Amino acid sequence: VNAARMGALIDDLLKLSRASMQELKRRPTDMEALARMAAHEATEHAARPVEVVIHALPPAQGDHTLLQQVWANLIGNAVKYSRGAAAPRIEIGARRLDDAVEYYVRDNGAGFDPQQAARLFGLFQRLHSEEEFEGTGVGLALVERIVRRHGGQVGAGSDPTTEGPRLVGDSQ
């Protein structure tokens, strides 16, 4: 068990390192296709059905591989943290801001103390215990690093009227 946890941690740290150092290969990227693929992968082996609603997502200019990792981490977390809900539901969408697009992932999961939101994207900053939810504490730090490298920003809310992790960046 400890060896498996250590292996997962090393793999996640290597992903974080690569995301920080590899050259960005910007190209038009179909964000909707990436989100659909990540949702399929995250839910295909879920212990019980998860409703996933994916609204139309505008394309973005970015590194396909890195953006695929962002969607995989965000949707994977949504599946993980909503597994205790009576009817797990994830909603993925986007909205246009002044000169940017905000992509979001909402879930009806465990939530967190909104005053701790800033910690969510820090390395090893877990807001739930490992007994409650498995993980290394690297996934959202990886998301934040990739989004920042693309010129965007991330945020999160834990209120039923707000979106869960949000990615904001220009749509060029």
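Going by the structure above, here's the rest.
Okay, so let's go over this structure.

Criteria and cut-off values
- Residues numbered from 1 in each chain as written.
- Predicted model: local features only at pLDDT ≥ 70, side-chain atom pairs only at ≥ 80, totals over all residues.
- Heavy atoms only, no water.
- Helix = DSSP H or I, 4+ residues; strand = E, 2+ residues; numbered from the N terminus.
- Buried < 20%, exposed > 50% of the residue type's maximum accessible area, 1.4 Å probe, protein only.
- Areas by Shrake-Rupley, 256 points an atom, 1.4 Å probe, with all protein chains shown as cover.
- Expected span 1.5 Å × (residues − 1).
- Arc of directions from axis to C-beta.
- Contact = heavy atoms within 4.5 Å.
- Polar contact = N/O pair within 3.5 Å; in protein donor to acceptor, adjacent residues only side chain to side chain.

Looking only at helices and strands, the protein chain has 4 helices and 7 strands in total. Starting at the N terminus and walking to the C terminus, you meet the elements of the protein chain as α-β-α-β-β-α-β-β-α-β-β. Classification of the 172 residues of the protein chain by burial places 38% in the buried group. By element, 52% of the accessible surface of the protein chain is carried by carbon and sulfur atoms, the whole surface being about 9500 Å².

Checked against the element boundaries, methionine 21 lands in helix H1 (residues 2–21). Judged by relative accessible area, methionine 21 falls into the exposed class, the value being 67%. Counting along the chain gives 128 residues from methionine 21 to arginine 149, while the straight-line C-alpha distance between them is 9.9 Å.

This next bit is on the side chain of glutamate 102. Note that glutamate 102 resides in strand E5 (residues 101–107). By relative accessible area, glutamate 102 is classed as buried at 7%.

Between its first and last C-alpha atoms helix H2 (residues 31–43) spans 18 Å; for 13 residues at 1.5 Å apiece the expected length is 18 Å, and the two agree. The set of residues buried in H2 consists of Met31, Leu34, Ala35, Ala38 and Ala39. Relative to the axis of H2, the buried residues are bounded by an arc of 130° and lie together on one face. Contact partners of the buried residues in H2: strand E1 (26–29), strand E2 (51–54), strand E3 (60–63), helix H3 (64–82), strand E4 (89–96) and E5. The N-cap residue of H2 is aspartate 30: its side-chain oxygen and the backbone nitrogen of glutamate 32 are 3.1 Å apart.

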